[in-house]
Amino acid sequence: VALQIELHCEKNNTAHNTNDISVNRLIVRRGQSFLVTFDFHGPFRSTTDLLELTVETGPQPSEALGTRSVFGLPEGRWKRSSWKVKVHQGSGLPAGSITLDITSPADAPVGEYSLSVKTNATASVGSSLGKLLLLFNPWCQEDSVHLPEEEERQEYVMREQGLVYKGSEKYIGSMAWDFGQFEDDIVDICLKLLDVNPKCLSDPAKDFSARCNPIYVSRVVSAMINANDDRGVLMGRWDGQYDGGMSPTHWNGSVEVLRRWLKYGGNPVKYGQCWVFAAVMCTVLRCLGIPCRVVTNFQSAHDTDKNLTIDNFFSDYGVRPKKSPDSVWNYHVWVEAWMTRPDLSAGSLYDGWQAVDPTPQEKSTGVYCCGPAPVKAILQGHVDLKYDVPFVFAEVNADLVTWMVFADGSKKKISTDSVSVGQNISTKAVGSDKRVDITANYKHAEGTEKERAVYNQAVKRVNIPEDNSNGIHDGKPGVSMKIVELTKPISGKDIDLKLVLNNNDSVTRKLVINVNVQAMRYNGIPSSQIQTELKEQKLLPNQGRVKMFQSLSISRPTMFK
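Note that the coordinates shown come from a computational prediction; the quantities given were computed from them, not determined experimentally. (Residues numbered from 1 in each chain as written. Predicted model: local features only at pLDDT ≥ 70, side-chain atom pairs only at ≥ 80, totals over all residues. Heavy atoms only, no water.)

Caption draft 1: Focus on the sheet that holds strand β22 (residues 411-417). Strand order in the open sheet formed by three strands is β15-β21-β22, with mixed pairing between adjacent strands. Edge strands, defined here as strands with exactly one partner in the open sheet, are β15 (309-315) and β22. The average undirected angle you get between the axes of adjacent strands in this sheet is 25°. (Pairing = 2+ DSSP bridges. Helix = DSSP H or I, 4+ residues; strand = E, 2+ residues; numbered from the N terminus. Axes fitted to C-alpha atoms, helices over the stretch in contact; angles between N-to-C directions.)

Caption draft 2: The packing of aromatic side chains, seen in detail. This structure, assessed with the given rule, holds ten aromatic pairs. Between Tyr156 and Trp353, the ring centres sit 5.0 Å apart and the planes meet at 90°, which makes this aromatic pair edge-to-face. Of the two residues, Tyr156 is situated in helix α2 (residues 150-158) and Trp353 in strand β17 (residues 352-356); the sequence distance between them amounts to 197 residues. Residue classification places Trp353 among the buried residues on the basis of a relative accessible area of 13%. The interplanar angle of 20° and the centroid separation of 6.3 Å between the aromatic rings of Trp238 and Phe277 together place this pair among those described as stacked. On the criterion of sequence distance, the pair formed by Trp238 in the loop between β12 (234-236) and α7 (255-263) and Phe277 in helix α8 (residues 274-288) is long-range, its members being 39 residues apart. In this structure an aromatic cluster arises from ring pairing among Phe71, Trp83 and Tyr113. (Phe/Tyr/Trp six-rings, centres within 6.5 Å; stacked < 30°, edge-to-face > 60°. Buried < 20%, exposed > 50% of the residue type's maximum accessible area, 1.4 Å probe, protein only.)

Caption draft 3: Representation of the UniProt feature "active site" (unreviewed entry) in the protein chain within the structure. The UniProt record marks Cys274, His332 and Asp357 with the feature "active site" (unreviewed entry), using the residue numbering of this structure. The annotated residues occupy 84 residues of the chain but converge on a single region, no pair of C-alpha atoms lying more than 9.8 Å apart. Mapping Cys274 onto the fold places it in helix α8. With a relative accessible area of 1%, Asp357 lands in the buried category. Each residue touching Asp357, except ones within four places of it in the same chain, is listed here: Ser222, His332, Val333, Trp334, Cys369, Cys370 and Glu395. (UniProt positions renumbered as here; feature names shortened; annotations may be inferred. Contact = heavy atoms within 4.5 Å.)

Caption draft 4: Molecular detail of α2. Here α2 has its buried residues at Arg153, Glu155, Tyr156, Val157 and Met158. Residues of α2 that are buried sit in contact with β2 (26-29), α8, β14 (292-302), β17 and β23 (423-428).

Caption draft 5: Structural context of the pairing of strand β3 (residues 34-39). Summarising burial for β3: five of the six residues are buried, a large majority. In terms of strand pairing, strand β1 (residues 4-6) meets β3 through three bridges, oriented antiparallel. Along β3, the bridge assignment pairs Ile5 with Phe38. Judged from the six bridges that link them, β3 and strand β7 (residues 97-103) form a sheet pairing that is antiparallel.

Written out as structure tokens, the structure is:
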């Protein structure tokens, strides 16, 4: 029987890029060998003597599910085992000490494993050697999260600080965020998060087995970051009332959020909004070994009915008579996770970055989660693929359709805007604090034939009749208008705006102009009424740039949250 075992935690963890988590416990990455040394009473003959190792994870571990493996020496005896072992080169066998290279399969389930050993074929139970943690391995070519460039692995797996972009398309700001994925106890909290997810609670053996797949894991994490239908981490709130918790703007790092969740027994932390949900999810995925980055989409659409349009309704006097279920947010934040998608294509067509969104917006297969949606599928309008591609496609490329609602309830389409949604999609650069615009990853340039072709293909793929899709332009409107800023918007200050009108027709137009100013929260929900003005104006044929309301002053700032 082995007298002593050495797990070489510091040496192994350093080689596996986990030493920032700990050097006092064995934390290794799948598909990559690690060293274990055994000291015996006497000489050990690796070609004849028995050394049987067993690794197990989860309840009811089984070799069929990939949650158990029995392997060891002599090597030829264990050809069918998924885990492999061989004698480490230079191991001092005559002295009764043997060092082994142990390698897990590159598709092994991630999580905590027990390790035990038998040196006697008649023994019924092996001696426990302790625990090891197994994580995804972006350094391993056979792992489905393999990321080829070392610089990118350092940014998207190893970096513990980053930036989250907020604001609006013309005024992009950033805030520093401490992801802290290698802080003490964070890896255990991440695994606890997986253990209390509803799928694990209903069928733990199946859930532990499915943890081999980053598609599954990222989808579970997406659901567990929000607390809408499970014991998730964060409760969202968007009404400005944060009694009993913290305002979402309080948080500047993930560690405090995750530790609070654990401390209070899995009760949700109050409160989060999109950037908090996304940043905390980035921490969890990086900790587990899935490359991840935070992404901000400005003028981000929330399409509730999957018709790839955002419908806005106005009365004939300029205000919104009813709250539309669709909305456009100043900005919205999600994450991208890097992985292959063999479930969608035999080749690598949809591999790479996947959009995953933990903010609870719409249910996906009955649960508040979103993704992973291949960014390449979004770019090509392949909205019939898993998971939630139509929703993310609409976030970055929906058409805005404006309707006028009359007193009798009838409505008329006023305009279609195919350009405004999805601006300046941003993420932090690799190796620096610069902002990188990745809009071209999600859609072709606005105004191009390719962009319209992709949009129309997407409409067909979601099975919307073309004449009901609102994706077709009604031609150039007789009167066009735009609002121009004369002064920059500053919180607490008045803002001056002007309305510029153009008559594109060959006839004189008599206009009754209702100017209505409403505050709007960052998620596109109208708030309080600010100002209303009514004017009449005559526009001559093809008269351009007639300026109205040269000093339209808003008496209080637009409200954001």
